[in-house]
Amino acid sequence: MHMNYRLVPNTSRSLLPYLQQADIPYTILISDLQKAIENQTGSRTYRNRRSLSEYNYEVYHSLEEIQGWMYHLNKTHSDLVHVFSVGKSYEGRPLLVLKLGKRSRPYKKAVWMDCGIHAREWIGPAFCQWFVKEALQMYQIDPAMRKMLTQLYFYVMPVFNVDGYHFSWTNDRFWRKTRSKNARFRCHGVDANRNWKVKWCDEGASFHPCDDTYCGPFPESEPEVKAVAHFLRKHRKQIKAYLSFHAYAQMLLYPYSYKYATIPNFSCVESAAYNAVNALQSAYGVRYRYGPASSTLYVSSGSSMDWAYKNGIPYAFAFELRDTGHFGFLLPETLIKPTCTETMLAVKNITLHLLKKCH
């Protein structure tokens, strides 16, 4: 069988002589992985990483920087922004959510957005920040954005998995899970996207605490999942769309994830996805695949998207952002702007679809 190995050399130098000897074709994707990681986490004060007045949306930010940015916006844009906490993480960090929208009337429909449920997917939190920036900058000059913020609230959670995200900056760039401790095993963490109470720990999830897809000891065992689930349950009549941002695959997914079946409001959701993918493509020609998560990506149980849909949120989507594997989780900072620009078009499209009646 012909196999083409794609290698990151300084993690697999010992493999190279074997592949060369065996005459197996391979492609070098990243010539120096360590350097690529250091480029994203290194201290680069000259790039205005920490100056909030000149906050740079085209670099990756640490958890401390993101939370500082949220508190700053809470003070400087109090007419449109309200920051609050839905709870505390396993390690005691606040789970901050930014409520965005004009206080135009007492009751408004809402859209929930979360990023960074998996720690290593840094483009997610970068997009959540980009969305808030665009909303605040364009509110005065873009009629579509004004309509969105006048008629809807947006609950934006830039970093869902705060402990894991912090750990991916300080210890392990490729960390995925939360950081909770397991009594019987030395392995840390639970997959926060397998911990929801919807077909929990069935296909596509693992019972073993050392696995990346470990579903946890019971549903909502993770304080982060429990806190967000509690908030969504409490506001489920108000929240009409749930959007979760992941990486990588260039896909727009909708339920179901845990089974091969058609959702009851398929035609409305499918047409929203089709139009969103076309809008995204109009920016740089990047074509996203779209469809039910189970058949488009893979079957996975206990996901936030399925849970949101099962709990009465009619539009539930998971975005898998750039790319398709060349850089993978190490998407360079030069690609933050194009990725976020095209994703913004898709999100605006879905939001405006919500404001129309779909039968």
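Residues numbered from 1 in each chain as written. Predicted model: local features only at pLDDT ≥ 70, side-chain atom pairs only at ≥ 80, totals over all residues. Heavy atoms only, no water.

Evaluated as defined, the whole model comprises 4 disulfides. Here Cys115 connects covalently by a disulfide to Cys128, the sulfurs 2.1 Å from one another. Here the S-S torsion is close to 80 degrees, and the disulfide linking Cys115 with Cys128 is therefore right-handed. Taken together, the positions of Cys115 in strand 5 (residues 109-115) and Cys128 in helix 4 (residues 123-138) put the pair 13 residues apart, joining distant regions of the chain. A relative accessible area of 0% means that Cys115 is categorised as buried. Residue Cys128 is classed as buried on the basis of its relative accessible area of 0%. (Disulfide = S-S within 2.5 Å. Helix = DSSP H or I, 4+ residues; strand = E, 2+ residues; numbered from the N terminus. Buried < 20%, exposed > 50% of the residue type's maximum accessible area, 1.4 Å probe, protein only.)

With that settled, consider the sheet that holds strand 3 (residues 81-88). To summarise the sheet geometry, strands pair through backbone hydrogen bonds and adopt either a parallel or an antiparallel arrangement. Strand order across the open sheet formed by 8 strands is 3-4-6-5-7-10-8-9, with mixed pairing between neighbours. The sheet is open, and its two edges are formed by strand 3 and strand 9 (289-292), each paired on a single side. Averaged over all neighbouring strand pairs, the angle between strand axes comes to 20 degrees, with direction disregarded. As defined by bridge partners, strand 3 adjoins strand 4 (residues 94-100) across 6 bridges and the pair is classed as antiparallel. The partner of Phe84 across the bridge, within strand 4, is Val97. Relative to the sheet, helix 8 (residues 266-284) contacts strand 8 (251-254), strand 9 and strand 10 (315-321), its axis offset from that of strand 8 by approximately 170 degrees. (Pairing = 2+ DSSP bridges. Axes fitted to C-alpha atoms, helices over the stretch in contact; angles between N-to-C directions. Contact = heavy atoms within 4.5 Å.)

Right, let's get into the nonpolar core. With 101 residues, the main nonpolar core has Leu100, Trp112, Phe131, Phe154 and Phe317 as its most contacted residues. Per-element tally for this core: the top contributor is helix 4, with 9 residues. Those residues within four positions of Phe131 in sequence are excluded, and the remaining contacts are Leu100, Met113, Met148, Phe154, Val156, Met344 and Val347. In terms of nonpolar packing, the next biggest core, distinct from the first, is built from 6 residues, Leu29, Ile30, Ile37 and Leu330 among them. (Core = buried A, V, L, I, M, F, W, Y, C linked by side-chain atoms within 4.5 Å.)

What follows concerns the UniProt feature "active site" (unreviewed entry) in the protein. Under the UniProt annotation, "active site" (unreviewed entry) lies at Glu320. Looking at the secondary structure, you find Glu320 in strand 10. Non-local contacts of Glu320, meaning those with residues more than four positions away in its chain, are made with His246, Ala247, Tyr248, Ala249, Gln250, Met251, Leu253, Tyr288 and Leu297. From its side chain, Glu320 meets the backbone nitrogen of Ala247 in a polar contact 3.4 Å long. (UniProt positions renumbered as here; feature names shortened; annotations may be inferred. Polar contact = N/O pair within 3.5 Å; in protein donor to acceptor, adjacent residues only side chain to side chain.)

Moving on, we get to the pairing of strand 8. Residues of strand 8 alternate between two faces, with Met251 and Leu253 on one and Leu252 and Tyr254 on the opposite face, all of them buried. Across 4 bridges, the pairing between strand 8 and strand 9 is parallel. Looking at the pairing, Leu253 lines up with Gly291 of strand 9. With helix 8 bridging strand 8 and the parallel strand 9, this β-α-β connection has right-handed handedness. Both strand 8 and strand 10 contribute to a ladder of 3 bridges, which runs antiparallel. Looking at the pairing, Leu253 lines up with Ala318 of strand 10. (Right-handed = clockwise from strand over helix to strand, strands pointing away.)

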